[in-house]
Structure formats: structure tokens, C-alpha cells
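Results of the structural survey
The chain contents come next:
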Amino acid sequence: MKKGLFASLILAPALLLAACSDDSGKAPDKEEKAVVYKVGTDTTFPPFNYEENGEIKGIDIDLMKAIAKNQDFKVEFKPMDFKGIIPGIQAKQLDIGMGGMSITDERKQTVDFSDPYFDAGITLAVKKENDSIKSLDDLKGKRIAVKKGTISAKYAMEVVKDKGFQIAQFDDSPSMFLDVKNGNSAALLEDYPVISYAIAQKDLGLKTVGERLTGDQYGISVLKGKNKEVLKKINDGLAELKKSGEYDKILNQYLAK
């Protein structure tokens with residue numbers, strides 16, 4: 001009787017261990033934590049990125065969240081000035097960069113871009129009551145406002161000698177809008193969807209004039225040659241969202257008005 005009890009006491013821990021092991025006899029690993037990617041974004045760029053009541057919102061934010069959910073990873077958004085996004089990627093402080101970032105050959109030297117996710121383009125905006133400026137040709141001797149580090153700023157630098165205007169650079173879009181409204185600058189250059197959305201949402205005292213000056217496309221960026229796995233997840237997720245109709249649903253939430 002005592003002998004049988006002793007044997008049972010010896011066998012019990014072994015049986016418990018076997019129950020907690022897989023078929024190979026090894027204890028199962030703990031559940032792996034989901035991968036978290038740090039995403040740099042500019043929150044002064046509605047409707048793509050903006051802050052409302054302490055919450056980051058916009059097309060880029062919703063799109064990246066949807067891609068992350070589709071591809072089974074998590075994201076942590078890092079708000080910053082637009083001009084700091086690519087340097088942040090280069091310094092490996094960020095894994096991904098967004099913020100209405102136009103795909104350019106110059107940027108391709110330091111980052112790899114996803115497939116394009118939005119057709120944008122630069123446009124000219126002036127004070128609402130200004131009827132004398134219809135194009136860049138009407139800005140000779142005048143001042144034009146641009147946002148630092150953007151494709152609009154680069155474009156202004158490229159045509160400034162030919163058009164003969166002066167350039168004033170700003171850290172964020174609201175400051176640039178106000179500068180034109182107050183009459184300090186005669187016009188501004190901004191991505192078409194951004195300025196159109198801003199004018200529709202608020203009475204900025206501005207209007208767009210002329211045709212779009214460029215045909216830019218927005219892309220999602222990662223460190224060049226180093227994050228091919230991340231880039232594949234982004235492209236695969238983006239393709240799935242377009243196929244399912246969720247991509248259009250996100251855009252229409254902000255641009256269908």
C-alpha cells in the first residue's frame with residue numbers, strides 16, 4: 001500500500017510535466033509579442049495627418065492602422081516636423097515614415113518607397129479677394145510661402161530664378177496659411193488635397209488658382225535597403241485594402257465632401 005502510494009507521488013510530477021509539453025517533450029515557448037514599428041508623421045498636414053482633441057487622425061493614420069491590422073503588426077506613431085521624418089529613419093529612430101510624402105528621386109537616395117497610395121500634386125493658393133494672381137508668372141517681385149522640407153519648397157527653389165519671386169519658409173502649414181491671409185506673402189504652394197481640404201473645413205480666407213503644377217504621388221518610406229521585410233508587409237497590406245474596398249472607404253471618409 002505504502003509502496004503504491006510512493007510510486008504515485010513520483011509519477012505525478014512527471015505526468016504534469018508531460019501534460020505541459022508538446023509532442024517533442026519540450027515546454028512550449030511563451031507567446032511572442034507582436035512586432036511594433038515606429039511611424040514618423042507630421043500632424044499639421046490634414047486631411048492626411050492632424051491632431052484633434054489630443055488624438056492623431058487622418059488618412060495616413062487610418063491607412064497605416066489598417067495595414068498593420070491586415071499584416072499582423074502594431075504601430076506607434078511619432079509626431080514631428082515633416083523635415084525630421086527622413087533623418088529619423090536614417091538615424092534608425094523610426095521604422096516607417098508617412099505624412100503625405102511625395103515619391104522623388106532625391107528621397108529615393110536615402111529611403112525605399114512603397115507602392116504609391118495617393119495621387120497629389122502642388123497647387124497655388126492666394127488670398128480669397130486676390131484676383132490679380134492666376135499663376136506663378138504673376139508672382140515676379142512678390143513673396144511666396146512654402147513649408148520646410150516639402151516637395152513644394154523644393155519646387156519653389158527650382159523655379160525661383162525663372163519666376164523671380166522671393167521664398168519664405170515655414171515649419172507648419174497653419175503658419176503658412178496665416179502668412180498669406182495676413183498679406184505678408186502674396187501666395188503659397190501646397191499639396192492640392194491638403195489646401196483644398198483646409199479651405200473646405202475652415203474659412204482660411206484663401207482660394208486655389210490655376211492648374212496643378214506637378215503630378216506627385218505619395219508613398220510610405222523605410223530605410224533604403226534595410227527594411228525590405230517591412231516594405232513587403234506595407235505593399236501586401238495596401239494591395240489587400242484596395243482589393244477589399246477598405247482603402248476607398250478610408251479616403252472617402254475625408255475627401256468625399
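Conventions and cut-offs
Residues numbered from 1 in each chain as written. Predicted model: local features only at pLDDT ≥ 70, side-chain atom pairs only at ≥ 80, totals over all residues. Heavy atoms only, no water. Pairing = 2+ DSSP bridges. Helix = DSSP H or I, 4+ residues; strand = E, 2+ residues; numbered from the N terminus. Salt bridge = Lys/Arg side-chain N within 4 Å of Asp/Glu carboxyl O. Buried < 20%, exposed > 50% of the residue type's maximum accessible area, 1.4 Å probe, protein only. Core = buried A, V, L, I, M, F, W, Y, C linked by side-chain atoms within 4.5 Å. Contact = heavy atoms within 4.5 Å. Axes fitted to C-alpha atoms, helices over the stretch in contact; angles between N-to-C directions. Phe/Tyr/Trp six-rings, centres within 6.5 Å; stacked < 30°, edge-to-face > 60°. Arc of directions from axis to C-beta. pLDDT = per-residue confidence, 0-100. Parallel < 35°, antiparallel > 145°, perpendicular 65-115°, else oblique. Nonpolar A, V, L, I, M, F, W, Y, C, P; charged D, E, K, R; others polar.

Before going further, it helps to examine the sheet that holds strand β4 (residues 55-57). Strands sit in the order β2-β3-β4 across an open sheet of 3 strands; the sheet is antiparallel. Only two strands of the sheet have a single neighbouring strand rather than two, namely β2 (44-45) and β4. Judged from the 2 bridges that link them, β2 and strand β3 (residues 49-52) form a sheet pairing that is antiparallel. Counted as the bridge partner of Thr-44 is Tyr-50 from β3.

Following the criterion strictly, the structure yields 16 salt bridges and no others. Residue Asp-81 pairs with Lys-83 through a salt bridge whose shortest N-O separation is 3.3 Å. Residue classification places Lys-83 among the partly exposed positions, given a relative accessible area of 39%. Residues joined by salt bridges that share partners form a network here, namely Asp-81, Lys-83, Lys-148 and Asp-171.

This next bit is on the nonpolar core. Grouped together as the largest cluster of nonpolar side chains are 34 residues, with contacts concentrated most on Ile-96 and Tyr-117. Broken down by secondary-structure element, the contributors of at least two residues to this core are β1 (36-41), α2 (59-71), α6 (192-201), α7 (228-244) and α8 (246-255). Sorting elements by how many residues they give to this core places α2 first, with 7 residues. Apart from the residues lying within four places of it in its own chain, the contact partners of Tyr-117 are Phe-48, Asp-60, Leu-63, Met-98, Gly-100, Tyr-218, Gly-219, Ile-220, Leu-238 and Tyr-247. Counting residues in each nonpolar core, the second largest holds 18 residues, with Leu-124, Ile-133, Ala-153 and Ala-187 among its members.

This brings us to the sheet that holds strand β13 (residues 206-209). The sheet built from 5 strands is open, its strands ordered β11-β10-β12-β9-β13 with mixed pairing. Looking at which strands have only one partner, the edges of the open sheet turn out to be β11 (166-170) and β13. Strand-to-strand twist across the sheet, computed as the mean angle between neighbouring axes with direction ignored, equals 35 degrees. Relative to β11, strand β10 (residues 143-147) runs parallel, the two being bridged by 5 bridges. Across the sheet, Arg-143 pairs through a bridge with Gln-166, a residue of β11. Across the sheet, helix α5 (residues 173-181) lies against β9 (122-127), β10, β11, β12 (187-191) and β13, angled at about 150 degrees from β12, the strand it touches most.

Here the focus is the packing of aromatic side chains. Per the counting criterion, the structure on display carries 7 aromatic pairs. With a centroid separation of 5.1 Å and an interplanar angle of 75 degrees, the aromatic rings of Phe-48 and Phe-118 are classed as edge-to-face. One end of the pair, Phe-48, is in the loop between β2 and β3; the other, Phe-118, is in strand β8 (residues 118-119), and 70 residues separate them in sequence. Here Phe-48 and Phe-118 have matching classes, each one buried. Relative to Tyr-218, the ring of Phe-48 lies with its centre 5.0 Å away and its plane at 80 degrees, an arrangement referred to as edge-to-face.

Residues lying three or four places apart along an α-helix face the same way, a consequence of the helix completing one turn every 3.6 residues. Among the residues of α8, Tyr-247, Ile-250, Leu-251 and Tyr-254 are the ones counted as buried. Seen along its axis, α8 keeps its buried residues to an arc of 90 degrees; they face one direction. Exposed residues pointing more than 90 degrees away from the buried face of α8 are listed as Lys-249 and Gln-253. Its buried side turned inward, α8 meets β3, β4, α2, β8, α6 and α7.

All right, on to the confidence of the model for the protein then. Confidence in the prediction for the protein averages 87 pLDDT; 87% of positions are at 70 or higher. By mean pLDDT, helix α1 (residues 2-19) is the weakest element of the protein at 42, and strand β6 (residues 96-97) is the strongest at 98. Low pLDDT, under 50, characterises residues 1-31; the predicted model gives this stretch 5 contacts beyond four residues in sequence or across chains.

A few words on the environment of Asp-191. Relative to the elements of secondary structure, Asp-191 occurs in strand β12. C-alpha of Asp-191 to C-alpha of Arg-212: the two residues are 21 residues apart in sequence and 8.9 Å apart in space. For Asp-191, the contacting residues outside a window of four places in its chain are Phe-45, Gly-100, Ser-102, Ala-120, Gly-121, Ile-122, Ile-151, Ser-152 and Tyr-218.

Attention shifts here to the packing of α2 against α7. The N-to-C vectors of α2 and α7 enclose an angle of 100 degrees; their axes lie 9 Å apart at closest approach. Considering the angle they form, α2 stands roughly perpendicular to α7. Mapping the contact onto sequence places Leu-63, Ala-66, Ile-67, Asn-70 and Gln-71 in α2 and Lys-233, Ile-234, Asp-236, Gly-237, Leu-238, Glu-240 and Leu-241 in α7. Taken together, the residues of the contact of α2 with α7 break down into 6 nonpolar, 3 polar and 3 charged.

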